[in-house]
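# A look at the structure
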Amino acid sequence: MKSVSPKLFAFDLDGTLTQHKTPLSKENRAVLQKLSKKAQLCMVGAGMCRRIFDQMGHFPINIIGNYGMQTAVYNSTVKDIEITANMKVPVERDSVEHRVTELRKRYGYTEFKGDNVEYHSSGCITFPLLGTKADQKDKLVFDPDRKKRRAFLSEVKKLFPEYTVFVGGSSSFDMAPKPYNKYYALSRYCAERGILHSEVVFVGDDYGEGGNDESVYLSDFGFLKIDNYLDFPEIMKKYTEE
Ligand SMILES: [Mg+2]
């Protein structure tokens, strides 16, 4: 029996289509090109739409950024994206600082370089365990298997109930104000276009506990796991060769 062919392919960027913050390769770009002949495509990212569009070498695609707080559609006439929504949620900084300091004391991260917390213009926040000015080499060796952060992820979630908390980057927790997360964002995108969740295939690498693709992975959307962006052409073969 032939399965229903997807109406929409949705993608994470870093770790899925590209290496972290590096340009889209011509191989993976060619796969996207082929898929665009079969179905609609969109990006569902944690970063800003413009950053995603630039990293993709201006590949023509609609983009959901900042976990759904920002959206952009591709305009083929001007060959550029147009921002269609740009939410900014206010942050109670005193309260955030207080709670982060409490977590630092409780789990032994009271020594750090730079600031306690990083604030993004959207209202998303980052709790960098080693501080905002930590050395790159210290960050990379800090928690590669994420065990240190997963050990108290549930406590961070408890102290920040108004945020979705992610184990982000190499040594931090990222937080997006509720209800924003990739599941929420993709659900809205589909509802606006009359696409059923069963007609979507999402491709993502960060599906583990606390990962920014986890909300989609645990949902009713179709999900293809990817553990190395170099495998993308192979993983999509069944769709590109049909
Ligand atoms: Mg990723």
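Residues numbered from 1 in each chain as written. Predicted model: local features only at pLDDT ≥ 70, side-chain atom pairs only at ≥ 80, totals over all residues. Heavy atoms only, no water.

A word on the sheet that holds strand β5 (residues 80-86). Reading across from one edge, β5-β4-β3-β2-β1-β10-β11 is the order of the 7 strands in this open sheet, with mixed pairing throughout. Since the sheet does not close on itself, it has two edges, and those belong to β5 and β11 (222-225), each with one partner. Adjacent strand axes in the sheet meet at a mean angle of 20 degrees, parallel and antiparallel pairs treated alike. Alignment of strand β1 (residues 8-11) against strand β10 (residues 200-204), held across 4 bridges, turns out to be parallel. In the strand pairing of β10, Leu-8 is matched with Val-200. Most of the contacts of helix α7 (residues 182-193) go to strand β2 (residues 40-44), to which it runs at about 150 degrees, and overall it touches β1, β2, β3 (62-65), β4 (70-75) and β10. (Pairing = 2+ DSSP bridges. Helix = DSSP H or I, 4+ residues; strand = E, 2+ residues; numbered from the N terminus. Axes fitted to C-alpha atoms, helices over the stretch in contact; angles between N-to-C directions. Contact = heavy atoms within 4.5 Å.)

Time to look at the coordination of the magnesium ion. Protein-derived ligands of the magnesium ion are Asp-12 (OD), Asp-14 (O) and Asp-205 (OD), with the metal-ligand distances lying across 2.2 Å. Within one chain, the residues serving as donors to the magnesium ion are arranged as D-x1-D-x190-D. Of the two residues, Asp-14 sits in the loop between β1 and α1 (26-35) while Asp-205 sits in the loop between β10 and α8 (214-217), which places them 191 residues apart along the sequence. (Donors = N, O, S within 2.8 Å, 3.2 Å for Na, K, Ca; no water.)

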